[in-house]
Amino acid sequence: MLNKYTPFLLIVILVTLFSCGDDQSKPTSQQPVKKTRPEIKLPEFNADSAYQYVQDQVDFGPRVPNTAEHAACATYLGEKMKELGATVLVQKAKVEAYDGTILNIKNIIASYQPEKNNRIMLFAHWDSRPFADHCEDVTRRDQPILGANDGASGIGVLMEIGRILKDHPIKMGVDIIFFDAEDYGTPDHKDLPYAPDTWCLGSQYWSHNMHVLGYYPRYGILLDMVGAKGATFYKEQVSLKYAPDVVQKVWGMASKLGYSSYFVSQQGGQVIDDHLYVNQIAHIPSIDIIQHDPTTFSNFGMYWHTHNDNMDVIDRNTLKAVGQTLIGVLVYEE
Ligand code: AHN
Ligand code: ZN
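The rules we used
Residues numbered from 1 in each chain as written. Chains lettered and ligands numbered in written order. Predicted model: local features only at pLDDT ≥ 70, side-chain atom pairs only at ≥ 80, totals over all residues. Heavy atoms only, no water. Donors = N, O, S within 2.8 Å, 3.2 Å for Na, K, Ca; no water. Helix = DSSP H or I, 4+ residues; strand = E, 2+ residues; numbered from the N terminus. Buried < 20%, exposed > 50% of the residue type's maximum accessible area, 1.4 Å probe, protein only. Salt bridge = Lys/Arg side-chain N within 4 Å of Asp/Glu carboxyl O. Near = heavy atom within 4 Å. Polar contact = N/O pair within 3.5 Å; in protein donor to acceptor, adjacent residues only side chain to side chain. Areas by Shrake-Rupley, 256 points an atom, 1.4 Å probe, with all protein chains shown as cover. Nonpolar A, V, L, I, M, F, W, Y, C, P; charged D, E, K, R; others polar. Phe/Tyr/Trp six-rings, centres within 6.5 Å; stacked < 30°, edge-to-face > 60°. Pairing = 2+ DSSP bridges. Axes fitted to C-alpha atoms, helices over the stretch in contact; angles between N-to-C directions. Contact = heavy atoms within 4.5 Å.

## Some thoughts on the coordination of the zinc ion (ligand 2)
Moving on, step 1. Taken together, the protein ligands of the zinc ion (ligand 2) are Asp 150 (OD), Asp 183 (OD), Asp 183 (OD) and His 305 (NE2), with distances of 1.9 to 2.4 Å.
Moving on, step 2. Here the donor residues of the zinc ion (ligand 2) are spaced in sequence according to D-x32-D-x121-H. Of this pair, Asp 150 sits in helix α4 (residues 148-167) while His 305 is found in the loop between β8 (286-290) and α9 (316-332), placing the two residues 155 residues apart along the sequence. A single burial state applies to Asp 150 and to His 305, both of which are buried.

## A few points about the pattern of salt bridges
Moving on, step 1. Counted by the stated rule, this structure contains twelve salt bridges.
Moving on, step 2. Here Glu 334 makes a salt bridge to Lys 171, at a shortest N to O gap of 3.0 Å. Note that Glu 334 is positioned in the segment after α9 and Lys 171 in the loop between α4 and β4 (173-179), a separation of 163 residues in sequence.

## Remarks on the site of ligand 1
Moving on, step 1. The immediate surroundings of ligand 1 are formed by Asp 150, Glu 182, Asp 183, Trp 199, Asp 224, Met 225, Val 271, Ile 272, Phe 300, Trp 304 and His 305.
Moving on, step 2. In this structure, Ile 272 approaches ligand 1 through a main-chain N or O atom, which is 3.0 Å from a nitrogen atom.
Moving on, step 3. Within the complex, the protein chains bury 90% of what would otherwise be the 320 Å² of accessible surface of ligand 1.
Moving on, step 4. Tallied by class, the residues present in the shell around ligand 1 amount to six nonpolar, one polar and four charged.

## Details of the packing of aromatic side chains
Moving on, step 1. According to the stated counting rule, one finds ten aromatic pairs in the structure shown.
Moving on, step 2. Ring geometry for Phe 300 versus Trp 304: centroids 4.6 Å apart, planes at 50 degrees, classification tilted.
Moving on, step 3. Since its relative accessible area comes to 12%, Phe 300 is described here as buried.
Moving on, step 4. Ring-pair connections join several aromatic residues into one group, and the members of that group are Phe 123, Phe 179, Trp 206 and Tyr 215.

## What about the sheet that holds strand β5 (residues 219-224)?
In sheet architecture, strand pairing relies on hydrogen bonds along the backbone and comes in two forms, parallel and antiparallel.
Moving on, step 1. The strand order across the open sheet formed by six strands is β1-β2-β4-β3-β5-β8, and the pairing between neighbours is mixed. Pairing within the sheet leaves two strands with one partner each, and these edge strands are β1 (87-96) and β8. Recorded for the sheet is a direction-independent mean angle of 20 degrees between the axes of neighbouring strands.
Moving on, step 2. With five bridges connecting them, β5 and β8 associate as parallel partners. Of the residues in β8, the one forming a bridge with Ile 221 is Ile 287.
Moving on, step 3. The strands that α4 touches are β2 (102-112), β3 (119-125), β4 and β5; relative to β3, the one it contacts most, it runs at about 145 degrees.

In structure tokens, the structure reads:
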């Protein structure tokens, strides 16, 4: 077997062995190889589609519990999420409002890959406020608002994420929850005592009565007022207290994707919102992506709890920044 060609043959074999197969992993430049996560091509969040989902909700009119418009919108949301590939469960309940009114509420739970144990929870509120208590025109303060941004925007972004998950399943299971009766809190234009627990009635109910026994997703992300033109999202304090790593993850992804002008790397206010109850009652570490405007008295947008919260405040670019960031977070999670 051995002859005068053996050394050459050996060299050929060795060269072949050490040069094959690793061409793609070699850096193209002369820089040292860095150990980073491989770049994944993200599915495209379609802002036109998200905008249409916001419009569809607003077209029902105000979505206030115990009204026909609210009931019709619930049907639309449940059916649409089924169409978008989710397993849908509607949790019905009766809860008591600040004034003693019994509200018939529906939390709508849309699950992707429900068989998986490792899960992420995304949520927003789908009801709209029964009063425009911050409206300049005092004669219109008792009228319900359209809530294009305050309510519909978060749901619209989550619906578009559902549409994407249908065709691009990720490693984790995802539960998209539309909470009801977030915005039925004590009105500011009547002289009533401060009562934080009158807000977020749907998420409070759900946190005490989760739809699955022993449900424990890795973390939760709440979207609230995520569609206004030029909106800025600061690191909200309840989120930083309960889920600082999730805040870092989301703001880090936003920066990586070029959305740092929306996701400002500074601490914002402290907000009573659905994530507070999900943290405190359900013990699921959760954050709130919520518009923070340091220039207004409320620290929300000027449209907040007024009749100006209509489609005119919604900007596709803001929906895109939030939606694409969330897609990034979901796709990289394993
Ligand atoms: C309060 O004003 C107590 N919380 C703000 C949460 C909220 C209201 N989000 C939308 N509407
Ligand atoms: Zn509100």
